[in-house]
Amino acid sequence: IASLIIAVDGPAASGKGTIAARLAQTYGLPHLDTGLLYRAVGVGVLDAGGSLDDAAFAETVALKLDASHLTDTDRLTSGEAGEAASRIAGYPGVRAALLAFQKAFAAQAGGAVLDGRDIGTVIAPEAPAKLFITATPEVRATRRWKQLTARGQDIAFEAMLADIVKRDERDAGRGAAPMVQAEDAVLLDTTDMGIEAAFDAARRIVEAAR
Ligand code: C5P
């Protein structure tokens, strides 16, 4: 087919990133992890000595961000970066500054896979294939804890779980582009699935939608 946009949304550590990357590989599409944009802005604010409470400053950082050169470094994938990201992601000015890059990425010839919180609702509402991937907070915290521990980061499981629950509430409760399942998105609960089963389910959803 000519063009395929796949929108993958869901909470932290739901498996959406891994699934999005594998869908991109399967269909030969470019993949954008939009969480990295917000993480880079959060880290940019911290590195500049700014406050995460300062919406105008975060917007300045977002406007200056070179989004085309982001890779998932240990710094950007850290819990600190995730927390900073979710703090600045609620500012409408920050979201507006990152909008054009994401929309252009989604609109490129041939299509693309994007994962985040508002892909199916705001960035690419026209996407034919939309998934909302979730799992219980306990299962997501366990996954993220294993991931970070394997990378040598030292974090307690209870702190991880509290972090995830707090981030869900902030992302779902904000006024600007809150995390919500698009009306036409298919819900995929990966709580009792390994990555292979989750990916197979995701691929079937895309096949049915394209
Ligand atoms: O997905 P990830 O955990 O990397 O996202 C980090 C934070 O960035 C999220 O908790 C959310 O606040 C924000 N985000 C967002 N919209 C997106 C992607 C991420 O608000 N499309």
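Residues numbered from 1 in each chain as written. Predicted model: local features only at pLDDT ≥ 70, side-chain atom pairs only at ≥ 80, totals over all residues. Heavy atoms only, no water.

- For the protein, an unreviewed UniProt entry supplies the name Cytidylate kinase and the organism Brevundimonas kwangchunensis.
- Looking at the protein in UniProt, the text filed under Subcellular location (unreviewed entry) is "Cytoplasm". (UniProt positions renumbered as here; feature names shortened; annotations may be inferred.)

1. Some thoughts on the site of the ligand
Line of reasoning, step 1. Around the ligand, the surrounding shell holds 15 residues, and the nearest of these are Arg39, Arg95, Arg167, Asp171 and Arg174.
Line of reasoning, step 2. One nitrogen or oxygen atom from the side chain of Thr34 is found 2.9 Å from a nitrogen atom belonging to the ligand.
Line of reasoning, step 3. Contacts to the ligand include Asp171, whose side-chain N or O atom sits 2.6 Å from an oxygen atom.
Line of reasoning, step 4. For the ligand, the protein covers 97% of the area, taking 450 Å² as the surface of the free molecule.
Line of reasoning, step 5. The element that contributes the greatest number of residues to the shell around the ligand is helix H2 (residues 35–47), accounting for three residues. (Near = heavy atom within 4 Å. Polar contact = N/O pair within 3.5 Å; in protein donor to acceptor, adjacent residues only side chain to side chain. Areas by Shrake-Rupley, 256 points an atom, 1.4 Å probe, with all protein chains shown as cover. Helix = DSSP H or I, 4+ residues; strand = E, 2+ residues; numbered from the N terminus.)

2. Observations concerning the UniProt feature "binding site: ATP" (unreviewed entry) in the protein
Line of reasoning, step 1. The UniProt record annotates "binding site: ATP" (unreviewed entry) at Gly10, Pro11, Ala12, Ala13, Ser14, Gly15, Lys16, Gly17 and Thr18.
Line of reasoning, step 2. Note on placement: Pro11 falls in the loop between strand S1 (4–9) and helix H1 (16–27).
Line of reasoning, step 3. For Pro11, a relative accessible area of 4% gives the class buried.
Line of reasoning, step 4. Contact partners of Pro11, with chain neighbours within four places excluded, come to Lys16, Arg117, Phe132, Ile133, Thr134, Arg140, Asp168 and Met179.
Line of reasoning, step 5. You can see Gly15 is positioned in the loop between S1 and H1. (Buried < 20%, exposed > 50% of the residue type's maximum accessible area, 1.4 Å probe, protein only. Contact = heavy atoms within 4.5 Å.)

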